[in-house]
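Fold and contact review
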Amino acid sequence: MQHSSRRTHRLALATIAPRIFAFCHTFGLTVWIAVVEGSGWTLILPGILLLLWPGVAYALAVSAQNSKRAEFRNLLYDSLLFGFWCSVLDFYVLATITIGLACLMNNLVVGGVRKMLISAVLFTTAALIGSALTGFKFRPYVSNNLDIYQWTGAVIYFLTIGRITYSQNRQIGRSIGEIQFQNRVFHALLDLGTVANRATNIHTLLDDSLNHLHSHFPDYGFAVFVQERQRCEVTRYAAVAGLSPKDEQRLKHLLASVRRQRVQPDTRPQTDEGENLYVMSMEGRLSLYEGWLIMKAPSREDGLEQILSLFADQLAAATENKLLHLELKKTAERDGLTGLYNRGFLEAALQMSIQGKAQTPSLDFAVLMMDVDKLKEVNDHYGHVAGDQLISSVAKYLQLHCRDSDILARCGGDEFVILFPSADLTAAKRMANLIRDNLPEQRCIIDTASGEREELTLHLSLGFASSSEVPAIQVFALADQRMYEDKNHRRKQRVDDLGTASWPPL
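Labelled according to an unreviewed UniProt entry, the chain appears under the name diguanylate cyclase, originating from Vreelandella titanicae. Recorded under Catalytic activity (unreviewed entry), the UniProt text for the chain is reproduced unchanged: "2 GTP = 3',3'-c-di-GMP + 2 diphosphate".

**What to know about unusual backbone geometry**
The backbone of Asp-90 sits at a positive phi, close to 60°, despite the residue not being glycine. Looking at the secondary structure, you find Asp-90 in the loop between helix H4 (67-88) and helix H5 (93-134). Here Ser-422, not a glycine, exhibits a phi torsion of approximately 55°, which is positive. Among the structural elements, Ser-422 can be located in the loop between strand S7 (415-420) and helix H13 (425-438).

**Notes on the packing of aromatic side chains**
Applying the stated rule across the entire model yields 12 aromatic pairs. Both rings, one in Tyr-237 and one in Tyr-289, keep their centres 5.8 Å apart while their planes meet at 70°; by these two values the pair is edge-to-face. With Tyr-237 in strand S2 (residues 235-241) and Tyr-289 in strand S4 (residues 289-297), this residue pair connects regions lying 52 residues apart in the sequence. Between the aromatic rings of Tyr-341 and Phe-345, the centroid separation amounts to 3.9 Å while the plane-to-plane angle is 10°, which identifies the pairing as stacked. The exposure class of Phe-345 is partly exposed, given its relative accessible area of 22%. A connected cluster of aromatic rings, assembled from ring pairs, spans Phe-181, Phe-217, Tyr-220, Phe-222 and Phe-311.

**Considerations on the nonpolar core**
The biggest cluster of nonpolar side chains holds 36 residues, and the ones touching the most others in it are Leu-206, Leu-210, Val-224, Leu-293 and Phe-311. The leading source of residues in this core is helix H9 (residues 304-333), at 9 residues. Ignoring sequence-local partners within four residues, the contact set of Leu-210 consists of Phe-222, Ala-223, Val-224, Ala-239, Val-240, Ala-241, Leu-293 and Leu-315. In terms of nonpolar packing, the next biggest core, distinct from the first, is built from 35 residues, Val-394, Phe-420, Ala-423 and Cys-444 among them.

**Comments concerning helix H2 (residues 16-37)**
The end-to-end C-alpha distance of H2, which contains 22 residues, comes to 32 Å, matching closely the 32 Å that a straight helix rising 1.5 Å per residue would cover. For H2, every residue scored as buried is listed here: Pro-18, Arg-19, Ala-22, Phe-23, His-25, Thr-26, Phe-27, Leu-29, Thr-30, Ile-33 and Ala-34. Of the residues trailing H2, Gly-38 is marked for its positive phi of about 75°.

Rules used throughout
Residues numbered from 1 in each chain as written. Predicted model: local features only at pLDDT ≥ 70, side-chain atom pairs only at ≥ 80, totals over all residues. Heavy atoms only, no water. UniProt positions renumbered as here; feature names shortened; annotations may be inferred. Helix = DSSP H or I, 4+ residues; strand = E, 2+ residues; numbered from the N terminus. Phe/Tyr/Trp six-rings, centres within 6.5 Å; stacked < 30°, edge-to-face > 60°. Buried < 20%, exposed > 50% of the residue type's maximum accessible area, 1.4 Å probe, protein only. Core = buried A, V, L, I, M, F, W, Y, C linked by side-chain atoms within 4.5 Å. Contact = heavy atoms within 4.5 Å. Expected span 1.5 Å × (residues − 1).

The structure is reproduced here in structure tokens:
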């Protein structure tokens, strides 16, 4: 069986004190008039009803299924009771005006004009019924002291209502502010995944993610540091948003201090600058790294640790997914032996260059093809492990001479290709001359299948072509043709005494 817990509405709680004051003050007014006129207990005893009603009204609100609606009814009952009592007091002018205004104002504040009009009708109806029962009398004045008493009570009551209304508005404002802040957190988290998915690498992911959070919380500063798990002093990735370079350096020192102290992840470190900092560890959320998300807040607020924990979880998940994606992408695009781009990636890049040439005829590209001479003989003579070492040595040598914009790929067992996007034949010719001039000086030390070490000389056959010579789609074939022409030419001119005596020369 389910039990529904009812909470008393704030309106019912807010009206307790003003109602008690109003009815007690009216009872005091009744006693005063009874004493002045000598009517004694005939007026005072019925006045006890005024003292009982606030408790009855509160009990009705608390026990009701809807305490807010019950309190609306109680305010209308107030109008009925006060209207009737004004007739009992023979419409003492000052009391009737102030009490009537209080009833109208209470209903206007909580229910609008409609409730105020209903209150006015009930107040008037109850006053007429009271006059019909007790006889209509009119008391314009009693005494100066009673007027002062009534004015004092009215001023206190109206000021109290004003203070309560102000407090309620403040509470509503805070509630609205909290809801808006929660909405900002929700939208920031909702869009953070999209921002992270658009990133091409970890640096971009962290920068874009923190800038995204800072755009939602411009008064806050954010920093993230991703460190190697085995070497915690090495920061692998870092990003900041909404912080100065000085702040970034200070946070790095602070983070080192936090790590040394091995504090809890959500500890709020104290700084000499009096900053409101929140530090959240990504421990357990990253497999290869350890991360820290730091938030600099404009003020100390409860609940920011939970919010930062949500951001840290989302950012860590996005970082881990991106690392996995990049690793898979690297596996798909890279050659397993050399770490260079593979044939699939080269063909895709070459196709983009061909399309670029078609769209922009002045945009040329060039290709340099290379073939490692005598690789089969090395495999047959020393074993495939030695052949792999030879291929790896050539790859390392070529990497030293390639620029970041060049695309170096291994296309097959012994073939390498360098694609020069946005370059003409000059770039390929320059690279070919560089290789021809320096390659004879290069040596490769290999471990043979028999456990011995041998020194080999590197030899490559070269062929290059550019889209400035032939149509773009024929560049690769022309470079390949020239490479084999170079291989045949070099084979005819090779001298038997090149290389070492212990293995067929390369």
